[in-house]
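Examination of the molecular architecture
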Amino acid sequence: MLKWFSFSGISKEVKRIRWPKKEELGGNSMEVLIFCASFGVFFVACEFFVSFFLKLIGIGA
């Protein structure tokens, strides 16, 4: 049987985990929110430009 696949191995691995501090967690969460918002704005802008171009050439409604 594998050593890490036992209660003592699992508890040893859990003790090695470095949990993020409150400030670090807040900073990382802000980065994720800004990243998601910027991608949302990017995709909305792309959709707007494609729809504008299609209307310009007479394909869109």
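Above: the structure in question.
Rules used in this analysis
Residues numbered from 1 in each chain as written. Predicted model: local features only at pLDDT ≥ 70, side-chain atom pairs only at ≥ 80, totals over all residues. Heavy atoms only, no water. Salt bridge = Lys/Arg side-chain N within 4 Å of Asp/Glu carboxyl O. Helix = DSSP H or I, 4+ residues; strand = E, 2+ residues; numbered from the N terminus. Buried < 20%, exposed > 50% of the residue type's maximum accessible area, 1.4 Å probe, protein only. Phe/Tyr/Trp six-rings, centres within 6.5 Å; stacked < 30°, edge-to-face > 60°.

1. Thoughts on the pattern of salt bridges
Overall, the coordinates contain two salt bridges when judged by the stated rule. Of the charged contacts in the structure, one is a salt bridge between R16 and E13, with a shortest N-O distance of 3.0 Å. With R16 and E13 both in helix α1 (residues 7-16), this residue pair falls three residues apart, about one helical turn. The class for R16 is exposed, based on a relative accessible area of 58%. With a relative accessible area of 41%, E13 lands in the partly exposed category. For E24, the salt bridge goes to R18, with nearest N and O atoms at 3.2 Å. Looking at E24, the relative accessible area reads 32%, which means it is partly exposed. A residue is classified by how much of its surface remains accessible, and R18, at 61% relative accessible area, is exposed.

2. What to know about the packing of aromatic side chains
For the structure on display, the rule yields five aromatic pairs. Note on F48 and F52: the rings are 6.4 Å apart at their centroids and 20 degrees apart in plane angle, and the pair reads as stacked. Taken together, the residues span about one helical turn, with F48 and F52 both in helix α2 (residues 22-56) at a distance of four residues. We classify F52 as partly exposed; its relative accessible area is 48%. Taken together, the ring pairs connect F35, F39, F42 and F43 into an aromatic cluster.

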